[in-house]
Number of protein chains: 2
Amino acid sequence: MTIPHPTGVHPAWLPPAAFRAAGSRRVLVLADEPTTAHGHTPAEGTAPTQGAAPADGAALVATVRAEVAEACGRHGGAVAALGQACDLVLALTSARALPPAAEAVRGPEIGPEGFLLGRQDGVTVVLADDPAGLLYGWFEVVRQGEAAFGPAGDHAPEAAPPAEPHRPELEPTEPHPPALEPTEPHRPAQRPAEPHRPAQRPAERHRPALKRRMLDHWDNIDVHPVMGQVERGYSGGSIFWRDGARCADLTRVRAYGRLLAASGINAVTVNNVNVHATEARLLTDRLGEVAAIAAELRPYGIRVHLSVNFASPIQLGGLPSADPLDESVREWWARTTERVYETIPDFGGYVVKADSEGQPGPFAYGRSHADGANTLADALAPHGGVVHWRAFVYNHRQDWRDRATDRARAAHDHFAPLDGQFRDNAILQVKHGPMDFQTREPVSPVIGAMPGTRLAVELQVTQEYTGQQRHVCYLPPMWSEVLGFRFRSEDTVADVATELVAVSNAGDDPYWTGHPLAQANLYAFGRLAWAPRSDPAAILDEWIGLTFPEAGEALRSTLHTMMDGSWRTYERYTAPLGVGFMVRPGHHYGPDVDGYEYTPWGTYHFADRDGIGVDRTRATGTGFTGQYPEPWSEVYESLAECPDELLLFFHHVPYEHVLRSGVTVVQHIYDTHFAGAEEAAALRPLWEKLAGEVDPALHARVKERLDEQIRCAEEWRDQVNTYFLRKSGVPDARGRRVY
Amino acid sequence: MTIPHPTGVHPAWLPPAAFRAAGSRRVLVLADEPTTAHGHTPAEGTAPTQGAAPADGAALVATVRAEVAEACGRHGGAVAALGQACDLVLALTSARALPPAAEAVRGPEIGPEGFLLGRQDGVTVVLADDPAGLLYGWFEVVRQGEAAFGPAGDHAPEAAPPAEPHRPELEPTEPHPPALEPTEPHRPAQRPAEPHRPAQRPAERHRPALKRRMLDHWDNIDVHPVMGQVERGYSGGSIFWRDGARCADLTRVRAYGRLLAASGINAVTVNNVNVHATEARLLTDRLGEVAAIAAELRPYGIRVHLSVNFASPIQLGGLPSADPLDESVREWWARTTERVYETIPDFGGYVVKADSEGQPGPFAYGRSHADGANTLADALAPHGGVVHWRAFVYNHRQDWRDRATDRARAAHDHFAPLDGQFRDNAILQVKHGPMDFQTREPVSPVIGAMPGTRLAVELQVTQEYTGQQRHVCYLPPMWSEVLGFRFRSEDTVADVATELVAVSNAGDDPYWTGHPLAQANLYAFGRLAWAPRSDPAAILDEWIGLTFPEAGEALRSTLHTMMDGSWRTYERYTAPLGVGFMVRPGHHYGPDVDGYEYTPWGTYHFADRDGIGVDRTRATGTGFTGQYPEPWSEVYESLAECPDELLLFFHHVPYEHVLRSGVTVVQHIYDTHFAGAEEAAALRPLWEKLAGEVDPALHARVKERLDEQIRCAEEWRDQVNTYFLRKSGVPDARGRRVY
């Protein structure tokens, strides 16, 4: 196991310097025994242990050892042996012998992928039940940096053990304590002085809130003539495929897996949910390409999943039908899946977009989506695999004249009646909003309507509708609102969901994500999937600290200022008050107020000379509000109670309607669009001041993107304002320039 | 020389049956002597005779002989020798001996490509000064069919000679008179009975009004990722190139040349004016492909031209500059052009789109477009070639907020000051309207502003903005209006223009043009280029008669009903009152009222809640009306005098503005959109009745296109009406359904 460092690629949140604190210590890894616990999430299904190759646990331990060895080699630390003095112990609870500090930290159940992190007698201890937990614990120590060896600080434990008496600092006679001497290679002089270094800290228990934390890649093997190689990809080509073949050098894939593991991700779907002819064959004769990718991701605890075409039995199997209840179809899936597991024993499972935007599905055979999902689930169950079945089913050939049909209703209409009918290893994957990853949507009512179904909530890290990685748009504040939304009881969306899934924003761009600052979205998605209640601002700081480890306070606070509120800034200068879309059809970038107004896509705002918005009330509209339980069905139904930011999603109102904020709708449109464009423009001088603080190439890349963002924000401001001035005739109360 | 009959390809207006009348006669061709007159339009430039290969005249004569032989072989006629009895003489005036009938028809000057057509002593005579005239005369006889051997009928001579006494009918003892017996192969029984067949008719003189009648192909060698192989092509791929190489079998190219010759075309540009990297090389190392195409078109009197990239000296020549006044650039063009003529001695010349929509041009070097055009003209002049220099130069990155900039002004602003500065063999190619081939535009003021410049007026046979060969839209009524427009004096556009050029609508579709009825546009363009004063309705009848020679009256009259007014029908259901655009950006098909409203393309309608239209007056607008001479500058400037159909092109008016027709603008919008969609819907039952009258495959193809036209017309109706109801708030006075 070698740690991947692809050349010419930005290290993102794992630059060598991020390993300085841990790498300058004496580190003991105790996981010598072959472990029965495997390195992956326990799989659903009838035979959970079959899903993991016996070597997985050992592979993960090897990764931890290699990580430790590289970090210590680079930063002057040392790999310690049992019995030698050490500063950091990474140990499996199953290890035959643990040093006293580790024994002292040992507590009750830790659980899959989890770990305890504590400090005893001047030794920082990570204890895990399984190798995956050990790996996550290692990255947590890296993330905490010097703090892992010092005061608890902001790192509040999940359940605080009783306070323990203060113990003396690690002896200064030890060979590798953190020193103040500016001796290479670990350059501690550049670290802030840490006068107080407590010898112990209460053990924190870390474990993932969601068992599967997954990224869906929308990568194609072939370059699609319209959509390109990565559909909705804004970061160059695919890291998996190039020129119609698997990339010969997969170092970058392993580096990607490493980054994901350090953020908490444990599953990746490698190909686009729109499965074209070439990509369909990944399931059969091109399976070796998937296996090769899986081999690179496995050492970092990431399972590989595959998007498959529902019509595969016809396309690949030569059967006359793909009817999910047809016995020969079921057999085909069973046989095909068996062969997949022969090749990739820890294969994660399938992702299916069926009966959606032209993809084939069970409707063609008069079968339900539960029938469709269960057939694939049954094929996967013996091997411990799962099927992710997307709920993104709606009529994409709607007639704009037909105001009774409401795309927002579609997923609930289709899937809520099927609750309880899905197999345990069939996971319904629901987009977080009822439409399609708009900048502002209510939470999808499907999430609150299926207590008898395993749900994966799908977010979109790739910024399709949120600036396409040309605009700074830090999304976790939005995700955090979604995850914290409570349908009726104490349970939040994060509690209801079994999993969190997101469309990846990574590609073969040198910065991974096109816009270097968009890396923060990728990082934060993993962190939120691990701990959904985390504060997005704290995750942002964490990302800044890791990505720019040498950064001074100016860089940290400037980046925080630029990014923390960027989603709301983006919202201000784009479609107002939750109405959505207003983007250029096809590529979805930049403004076009009427772009989707007369299309078959079900995406309307109904602006006329008097007002705007979609009436989704039960009283006079499409009745969508009725898909929510109390109190939301009433809150959204009520013009008085509906939150301003979703007003036009639920109501059609006159331009002079006064918002809860006290201003009229049309004045709100003017105000927010002027404000949003100003906020965008304010980013440039902030960034320019950082010219000497970051790598010049990265600085130039961000600067170029900021220029485009500012131009585009002005375009949004002027098109939207002009559109509504022309339509409403109401001038801006503050007399600003509207064209 | 064999007559091309590619398999699987519709014969268009040259089905075998169209040759029945001529082919059932005894035909004498007298052109035995090598002729000094060559087969092509005399070329401009200093050495006109160099441009034509010595064999051209002979090749054209061979074509005529082959045509005659095939027609007679098929229909029972005979090729006669001098001294034998005959029914049709096709003779060059230079022939050593002419039969008495031909001598009797001989008159004064005929001129290049022209011919005299008369009937004397029961013999129909075509007399021409050059072989090209002979070929055109032959196709005129074919076109006239039996009428060429009977009464003058509708075929009014250009200059009527004195009436001559009626002579007796051709002797019935002759071996091949038109007979009534149903004897195969010429099936005369299906022809209408012709009881009266005069033995003579006054000689008609036919000669082309415009010396060059040209089609521009927008074909690419490579398939462009967005634009496809034929840019703006709606008829499949290219007939010249496939899979990145010249088509191996060029039979179809020769068949195309034959069709064009039969309609009057004598020049073809083989490649797209947007010259990409691969296509640029047609000028140099891929010149052989052009030569191969030229070899197929030459026998039908068609010269080949090439679109070239202005930056070729850099791209292909490796020079540091393409500055047209740089001596090394001029030398490069001279040398390169010399090599072209070594390969293709009758090469026509270059077509250049410079400083237009991203193409390179002389502006980069601070040079004028006259400088640019003249450099290429100087390289072509020694060989008799010409450069077509497109006047389509405008700022395609305009700011929609900037109401002072007016794209309609651009060509005049750029080119009118250059009048008189272009070489004699530099032809300024001007689109017929100031914008871009909209369904309704005023005539471009450039055409009236450049008396010292040779002008080619450019039409668009391919239906980019007029239904893309999915809608029936017979364009000659529009072209006829353009060609007959008088700027100030007696001179029409057709008189001012030296040439007529159009973008071809042909591709590798089995029907050539996607929509079988779109063949009529291709045919009629050639006919109008030959005789611009022709009645579009008469040309349509002519096309119907040729294309459906067995057709009964029902088919003829139905097609006439469907097609003659189809351009105005299309206008009714699309953008109103000359305002233009309102199409979907990118592909330009179907409605999107605001689609181009906030774009950089200079294509706006400025609709707000009060009114619509572009103020192009001198008084309060962009001043575009001032580019016209009197009386048009005043007519267009005046709200009272401006023709309704161009009102919104020139004026911004309230919705309640009353048109000259007596209805308000907004009511006109409703009325025309309901009417247009109804007219489209009325096409279906008309066509359905013809089910037994035409080939079933052709019937099905048209039916499928009609279905789409009707759907699309309803979409136009509803989107446009809804848009203006929402914006104006004015209901339809007749209470029809607006969504």
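Nothing here was measured: the structure is a model prediction, and the numbers come from that model.

K.L.:
Provide a residue-level description of the UniProt feature "domain: Glycosyl hydrolase family 67 catalytic" (unreviewed entry) in chain A, including the pertinent values.
P.N.:
The UniProt entry lists residues 203-497 of chain A under the feature "domain: Glycosyl hydrolase family 67 catalytic" (unreviewed entry), expressed in the numbering used here. Structurally, residues 203-497 of chain A is divided into 27% helix and 18% strand, and its ends, taken at the C-alpha atoms, are 28 Å apart.

K.L.:
Hey, could you go over unusual backbone geometry for me, with residue numbers and the actual values?
P.N.:
Residue and element names in this part refer to chain A. At the junction of glutamate 630 and proline 631, the peptide bond is cis and its omega measures out at 0° in the coordinates. With respect to the helices and strands, the residue proline 631 is situated in the loop between strand 19 (611-612) and helix 18 (632-637). Even without a glycine there, the phi angle at phenylalanine 437 is positive, about 55°. Structurally, phenylalanine 437 is set in the loop between strand 16 (426-431) and strand 17 (454-460).

K.L.:
Any chance you could break down the domain arrangement of chain A for me, citing the residues and the numbers?
P.N.:
Residues and elements named next belong to chain A. Here chain A is partitioned into domain 1 (16-169 + 198-206), domain 2 (212-533) and domain 3 (573-728). The C-alpha centroid of domain 2 is placed 32 Å from the C-alpha centroid of domain 1. Counting residues at the interface gives 26 residues for domain 1 and 32 residues for domain 2. Here domain 1 and domain 2 share an interface that buries about 2,200 Å² over both sides, 48% of which is from carbon and sulfur atoms. One can count two salt bridges joining domain 1 with domain 2. A salt bridge links arginine 213 to glutamate 113; the shortest N-O distance between them is 3.1 Å. Our count for the domain 1 to domain 2 interface comes out at eight residue pairs in polar contact (both at pLDDT 80 or more). Broken down by secondary-structure element, the contributors of at least two residues to the side of domain 1 that touches domain 2 are helix 2 (56-75) and helix 4 (131-144). No other element matches helix 2, which puts six residues into the side of domain 1 that touches domain 2. For the side of domain 1 that touches domain 2, the class distribution of residues is 11 nonpolar, eight polar and seven charged.

K.L.:
Mind laying out the pattern of salt bridges, listing which residues take part and the relevant values?
P.N.:
Evaluated as defined, the whole model comprises 98 salt bridges over all chains. Glutamate 715 of chain A is the salt-bridge partner of arginine 401 of chain B, the closest N and O atoms lying 3.0 Å from each other. Of the two residues, arginine 401 of chain B is situated in the loop between strand 15 (386-390) and helix 11 (410-415) and glutamate 715 of chain A in helix 21 (residues 696-728); the pairing between them involves two chains. Classification of arginine 401 of chain B by relative accessible area gives buried; the value is 16%.

K.L.:
Describe the relation of the copies chain B and chain A, listing the residues and the values that go with them.
P.N.:
Structural alignment of chain B on chain A gives an RMSD of 0.0 Å, achieved by rotating through 180° and translating 0.1 Å along the axis. In the structure described here, the two chain copies are related by an operation that fits a two-fold rotation axis.

K.L.:
Tell me about the sheet that holds strand 15 (residues 386-390) of chain A, and name the residues and values.
P.N.:
All names here are of chain A. Read around the barrel, eight strands follow the order 7-12-13-14-15-16-17-18 and close on themselves; strand pairing throughout is parallel. Strand after strand, the sheet turns through a mean of 25° between neighbouring axes, direction not considered. Where strand 13 (residues 303-307) meets strand 14 (residues 349-352), three bridges bridge the pair, whose relative direction is parallel. For serine 307, the partnering residue across the bridge sits in strand 14 and is valine 351.

K.L.:
Quick rundown of the pairing of strand 18 (residues 499-503) of chain A? Include the residues and the values.
P.N.:
Regular strands place their side chains on alternate faces of the sheet. Residue and element names in this part refer to chain A. Within strand 18, five of the five residues are buried, which leaves it mostly tucked inside the rest of the structure. Taking every second residue as pointing to the same face, both faces of strand 18 are buried, with Glu499, Val501 and Val503 on one and Leu500 and Ala502 on the other. Where strand 7 (residues 212-216) meets strand 18, five bridges bridge the pair, whose relative direction is parallel. Pairing of aspartate 216 across the sheet is with valine 503, part of strand 18. Sheet topology note: the strand 17/strand 18 ladder contains five bridges and is parallel. Bridging from a neighbouring strand, glutamate 458 pairs with valine 501 of strand 18.

What counts, and at which threshold
- Residues numbered from 1 in each chain as written.
- Chains lettered and ligands numbered in written order.
- Predicted model: local features only at pLDDT ≥ 70, side-chain atom pairs only at ≥ 80, totals over all residues.
- Heavy atoms only, no water.
- UniProt positions renumbered as here; feature names shortened; annotations may be inferred.
- Helix = DSSP H or I, 4+ residues; strand = E, 2+ residues; numbered from the N terminus.
- Domains from an automatic or database assignment.
- Contact = heavy atoms within 4.5 Å.
- Buried area = accessible area lost by both parts, 1.4 Å probe.
- Salt bridge = Lys/Arg side-chain N within 4 Å of Asp/Glu carboxyl O.
- Polar contact = N/O pair within 3.5 Å; in protein donor to acceptor, adjacent residues only side chain to side chain.
- Nonpolar A, V, L, I, M, F, W, Y, C, P; charged D, E, K, R; others polar.
- Buried < 20%, exposed > 50% of the residue type's maximum accessible area, 1.4 Å probe, protein only.
- Least-squares fit on C-alpha atoms with pLDDT ≥ 70 in both.
- Pairing = 2+ DSSP bridges.
- Axes fitted to C-alpha atoms, helices over the stretch in contact; angles between N-to-C directions.

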